Structures are given as structure tokens and as C-alpha cells.
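# Descriptive structure summary
Read off the chains here:
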Amino acid sequence: MRISQCREEDLDLLDQHMPSREATSHHEARYARHREGRATFLVAWRDRRPVGSCEVRWEGCAAPEVRAVHPDCPEVNGLGIWPETLRSEGIGTALIREAERLAADRGCRVIGLGVEKNNPRAKALYRRLGYHASVPYLDCWSYEDGAGVAHRVADACLFMVKPL
Ligand SMILES: CC(C)(COP(=O)(O)OP(=O)(O)OC[C@H]1O[C@@H](n2cnc3c(N)ncnc32)[C@H](O)[C@@H]1OP(=O)(O)O)[C@@H](O)C(=O)NCCC(=O)NCCS
């Protein structure tokens, strides 16, 4: 398994192998932020197939209640492993470790991530990796499905942080 920063030519493979709920690819939006330097979009590969990804958002979590408490805290966002059969093999851990390494190299003192309150398995993994619960918040976002219908979502989440 190898981890690299996303390149433009990887986007088709990401769309092919890693599903998007949105009609427009969220990989493209993540890559746009990466190109602008606002984020680093990391991809995990097995052979030549993308099997996981996450984005390190250098501007931090978008939720105002989190920003108020952690104004200078990059956020690991959108961590996911596909297909499901490849979960529990250490790929998620490797992506988080790489995000932490990049943040430490930039001189960041802390890194954080949001987890849905009803995702106990991810929460347990983050705890094992040294993250502790910090701020409960609502993750508000919207997307348009394949039929052009707009959906608004507000997920109850917990922001967890780890000193670097
Ligand atoms: C949450 C998620 C990103 C974790 O990624 P992952 O690659 O499965 O995580 P890891 O393999 O590093 O660690 C998970 C588990 O594998 C175990 N594990 C890690 N390395 C292992 C290895 N080499 N061999 C066997 N087990 C291993 C860990 O102890 C952990 O235990 P668990 O099964 O009790 O949870 C992944 O499960 C996923 O995509 N879930 C759906 C989307 C999601 O919930 N994303 C998180 C949003 S906050």
C-alpha cells in the first residue's frame, strides 16, 4: 500500500473506484482545494487502484463552534476506505498518520477531525490513535443527487483533537 498526494490524472480512477453521493464528484472539489493550497488531498493505493482517501484542510473545520475553540487546527476530512472488504487492514490508520506527519512538518501543534456521533467504530479508532473528544457540533452540508434534487444535511458530530 502506498499513499500519495492526489494528481489531476488520478481523478478519473477515484471516480471509478470510490463512490460519490453527489452528482458532481466530491473528488474534484477536494482536488480544487488541494491545487489552491487550502488542503492536501491524500490517496491510498493498492497496486494501481485507489482504496482510500482523506483531505487535510489547512483552514480547519468549517463549523463556527469548532473554530471558536480551535482557531489554528487543521482538520482531517472525508476519511474513507473502499471497497468495504479492505477495511480493518490499517489503511485508515496509515492515512491519518500521513496527515499528522504533514501537519507536524508545517509546525502545527494540534490536528483534529470530526466524527459522526453514531459512528462508534471510527470514534474508537481515533481514540486509539490519541485523539480526544473536544467540541460537539452540527456538520451542515448540501448536495445534489443524480436526479438533480438538492439535499441538505445536518449531522450531529464530535470534533476530536490530538496534540502533535
Ligand atoms: C473508519 C474507516 C475510515 C477506518 O479505516 P480502516 O482502514 O478500516 O481503519 P484501520 O484498519 O486502520 O483500523 C480499523 C480497525 O482495524 C484494526 N487494524 C488496523 N490494522 C490492522 C491490521 N494490519 N490487521 C488487522 N487489523 C488491523 C484496528 O485495530 C481497527 O480495529 P476495529 O476493527 O475494531 O475497528 C473505515 O472503516 C471507513 O471507511 N468507514 C466508512 C466511512 C467512515 O465511517 N469514515 C469515517 C468518517 S469520520
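Keep in mind that this is a model prediction, so the values were computed, not measured.

The subject of this paragraph is the site of the ligand. In the vicinity of the ligand lie 17 residues, with Ile81, Gly90, Gly92, Thr93 and Asn119 positioned nearest. Taking threonine 93, its side chain carries an N or O atom lying 2.4 Å from an oxygen atom of the ligand. In isolation the ligand exposes 920 Å². Once the protein is present, 63% of that is buried. Listed by contribution, the elements that provide at least two residues to the shell around the ligand are strand S4 (75-81), helix H4 (91-105), strand S5 (110-116) and helix H5 (120-128). With 4 residues, the top contributor of residues to the shell around the ligand is H5. Here the shell around the ligand is composed, by residue class, of 6 nonpolar, 7 polar and 4 charged.

A surface patch of negative charge is lined by Glu8, Asp12, Asp15 and Glu28. Considering the arrangement of structural elements, one finds aspartate 12 in helix H1 (residues 11-17). The exposed category is assigned to aspartate 12, whose relative accessible area is 62%.

Right, let's get into the nonpolar core. Counting 26 residues, the largest nonpolar core has Leu42, Ile91, Leu95, Tyr126, Tyr131 and Met160 as the members making the most contacts within it. Mapped by element, the contributors of at least two residues to this core are strand S2 (39-46), strand S3 (49-57), S4, H4, S5, H5 and strand S7 (150-163). Broken down by element, the residue count for this core peaks at 6 residues, all from H4.

A word on H5. Considered for burial, the residues of H5 that qualify are Ala122, Lys123, Leu125 and Tyr126. Angularly, the buried residues of H5 cover 160 degrees about the axis, an arc narrow enough to put them on a single face. Those residues of H5 that are exposed and aimed more than 90 degrees away from the buried face are Pro120, Arg121 and Arg128. As for H5, its buried residues are in contact with S4, H4, S5 and S7. Looking one or two residues past H5, glycine 130 carries a phi angle of roughly 105 degrees, positive in sign.

Turning to unusual backbone geometry, a few remarks are in order. In this structure, proline 83 follows tryptophan 82 across a cis peptide bond, with omega equal to -10 degrees. Position of proline 83 relative to the elements: it lies in the loop between S4 and H4. The phi dihedral of aspartate 47 is positive, around 55 degrees, even though this residue is not glycine. Mapped onto the elements, aspartate 47 comes out in the loop between S2 and S3. A positive phi angle, near 65 degrees, is found at serine 88, a position not held by glycine. Relative to the elements of secondary structure, serine 88 occurs in the loop between S4 and H4.

A word on the pairing of S2. For S2, the tally of buried residues reaches 7 of 8 residues, placing the bulk of the element in the interior. Relative to S2, strand S1 (residues 2-5) is paired through 4 bridges, and the arrangement is antiparallel. By the bridge assignment, arginine 2 is partnered in S2 with tryptophan 45. Bridge analysis of S2 against S3 gives 8 bridges, and the strand direction is antiparallel. Within S3, the residue paired with leucine 42 across the bridge is cysteine 54. Counting the residues that bridge the hairpin from S2 to S3 gives 2 residues, and of these aspartate 47 lies at a positive phi of roughly 55 degrees.

Once that is clear, we can look at the pattern of salt bridges. With the rule as written, the count across this model stands at 12 salt bridges. For arginine 57, the salt bridge goes to glutamate 55, with nearest N and O atoms at 3.2 Å. Residues joined by salt bridges that share partners form a network here, namely Arg30, Arg33, Glu55 and Arg57.

About the criteria used
- Once a new chain begins, its residue numbering starts again from 1 and follows that chain's sequence as written.
- Note on the predicted model: pLDDT of at least 70 is required for a residue's local features to be given, and 80 or more for side-chain atom pairs to be given and counted; whole-chain, interface and lining totals, by contrast, use all residues.
- To get the side-chain values, all heavy atoms of the structure are used, and hydrogens and water are removed first.
- Here, proximity means that at least one heavy atom of the residue falls within 4 Å of the molecule or strand.
- Counting of polar contacts relies on pairs of N or O atoms within 3.5 Å, with two restrictions inside protein: one atom must be capable of donating a hydrogen and the other of accepting it, and residues adjacent in sequence are counted only when both atoms are side-chain atoms.
- Shrake-Rupley sampling with a 1.4 Å probe provides the accessible areas, and residues are treated as covered by the protein chains on show and by no other component.
- Each helix is a run of H or I in the DSSP string that is no shorter than four residues. Each strand is a run of E no shorter than two, and both are numbered from the N terminus.
- Amino acids outside the nonpolar list (Ala, Val, Leu, Ile, Met, Phe, Trp, Tyr, Cys, Pro) and the charged list (Asp, Glu, Lys, Arg) are all regarded as polar, and Gly is one of them.
- Excluding any residue in a salt bridge, patches collect residues exceeding 30% relative accessible area, merging like charges within 9 Å and nonpolar Val, Leu, Ile, Met, Phe, Trp and Tyr side chains within 5 Å.
- By definition here, a salt bridge exists when the distance from a side-chain nitrogen of Lys or Arg to a carboxyl oxygen of Asp or Glu is within 4 Å.
- In summary, the charge assignment counts Lys and Arg as positive and Asp and Glu as negative, without counting His or the chain termini.
- A single reference atom marks each charge: NZ on Lys, CZ on Arg, CG on Asp, CD on Glu.
- Accessibility here uses a 1.4 Å probe with only protein chains present; expressed as a share of the type maximum, an area under 20% marks a residue as buried, one over 50% as exposed, and anything in between as partly exposed.
- Each nonpolar core is a collection of buried residues, namely Ala, Val, Leu, Ile, Met, Phe, Trp, Tyr and Cys, held together in the definition by side-chain atoms within 4.5 Å.
- Within this analysis, the arc is defined by the directions that extend from the helix axis to the C-beta atoms.
- Residues are treated as being in contact if the distance between any of their heavy atoms lies within 4.5 Å.
- The pairing criterion for strands is at least two bridges between them, as found by DSSP.

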